[in-house]
Amino acid sequence: MSGYYPYLLSGLPDLDFEMDLSGFSYEEIYAQVVELLTARDRETLELFLAFGTHREAAAGYLSARDEEDRITWLQETRLPRYQREVFSKSLSSLVFAEEDRAVDMDAEELEAGIVRVLDEAFYKAVLRHGNPFMRKWFEFDGILKNTLVAFAARKQGRSPENDFVEQASAPMLDWIRENMDEGDFGLKQKLSYATEMFEALDRPDVYERERAIDRFRWNMAEEMTSGKDFQLDKVLCYMVKADILRRWQKMDAGAGREYLHEVVSQMRKVNLQGEDA
């Protein structure tokens, strides 16, 4: 197996953060990678990429008309193990952690609630996984996500508690909570990469900030897999980079900037409405 991963990667296109994305196809890359992986490695890759499927999975679960339909949907849909475990619960148990409680919520609220449950279950699964890069990457990813939540909440003058992912970085999340008044949430005392992370976060332009954050993520993935050419870690790193490029392919500089400013505007509007309520 020593030459397996280099052989797989040598057949894929070279990826660069600043590359021309006009001919880039994430779907073709994914299909090529999956075709060449062993069954065990394919299962690991599917878990690694599963976080981005939560909204779609929640919508599929909610599209069932009743409990019987949900059981049928679960039997017929290919899902990672942690998602199957989440969806094996009744709707009331899934949403409220209680059986036989009436669920009086609209579809949007239900979907958001289920996505949060999936988020927590995902981080619980990946942080216990046997693949070292899986654990290391999602420990970093969880810290970054919760730092972004705290950073945005502080700028908007609201509590971040409803948006934190508890399982993502539990010890560091407690540290962030204890140091909410610190400019860097005290993270520069704890993390070797905190300075680079905050250099990205502190950019005033929302589009440039998102670009800087994704470049930071790209660099971290490469750093974590340095010297691991003969391991699955290198394939997972490649897919991290492919996913980043997929995001930016959907947005040229003009459209991307407009979209991101619109998102921030909507977040501020919701926050202001909440304050008035």
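For the structure, see preceding data.
Definitions and limits used
Residues numbered from 1 in each chain as written. Predicted model: local features only at pLDDT ≥ 70, side-chain atom pairs only at ≥ 80, totals over all residues. Heavy atoms only, no water. Core = buried A, V, L, I, M, F, W, Y, C linked by side-chain atoms within 4.5 Å. Buried < 20%, exposed > 50% of the residue type's maximum accessible area, 1.4 Å probe, protein only. Contact = heavy atoms within 4.5 Å. Axes fitted to C-alpha atoms, helices over the stretch in contact; angles between N-to-C directions. Helix = DSSP H or I, 4+ residues; strand = E, 2+ residues; numbered from the N terminus. Parallel < 35°, antiparallel > 145°, perpendicular 65-115°, else oblique. Left-handed = near helix turned anticlockwise from the far one by under 90°. Nonpolar A, V, L, I, M, F, W, Y, C, P; charged D, E, K, R; others polar. Arc of directions from axis to C-beta.

### A short note on the nonpolar core
Piece 1. Ranked by size, the top nonpolar core spans 83 residues in total, and within it V33, F87, W137, L187 and M197 carry the most contacts.
Piece 2. When neighbours within four sequence positions are excluded, W137 is seen to be in contact with F48, R217, M220, A221, M224 and V240.

### Points about the packing of helix α2 (residues 26–36) against helix α13 (residues 232–249)
Piece 1. Following both chains from N to C, one finds α2 and α13 inclined at 165°, their axes separated by 10 Å at the closest point. Overall, the two elements α2 and α13 adopt an arrangement that is roughly antiparallel. Crossing of α2 over α13 shows left-handed handedness. Residues Y26, E27, I29, Y30 and V33 of α2 pack against V235, Y238, M239, A242, D243 and R246 of α13.
Piece 2. Considering only residue class, the contact of α2 with α13 consists of eight nonpolar, no polar and three charged.

### What about the packing of helix α12 (residues 206–224) against α13?
Piece 1. As a packed pair, α12 and α13 sit with axes 9 Å apart at the nearest point and diverge in direction by 165°. Taken as axis vectors, α12 and α13 run roughly antiparallel relative to one another. Helix-helix and strand crossings are classified by hand; for α12 and α13 the assignment is left-handed. Counted together, Y207, E210, R211, D214, R217, W218, A221 and E222 of α12 and C237, V240, K241, I244, L245, R247 and W248 of α13 form the full contact between these two elements.
Piece 2. Here the residues of the contact of α12 with α13 sort into eight nonpolar, no polar and seven charged.

### Some remarks on α2
Piece 1. Taken residue by residue, α2 has Y26, I29, V33 and V34 as its buried positions. Burial along α2 is one-sided: seen end-on, the buried residues are contained in an arc of 125°. What points out from α2, more than 90 degrees from its buried face, is the exposed set E27, E28 and E35.
Piece 2. Packed against the buried residues of α2 are α1 (4–10), α3 (39–48) and α13.

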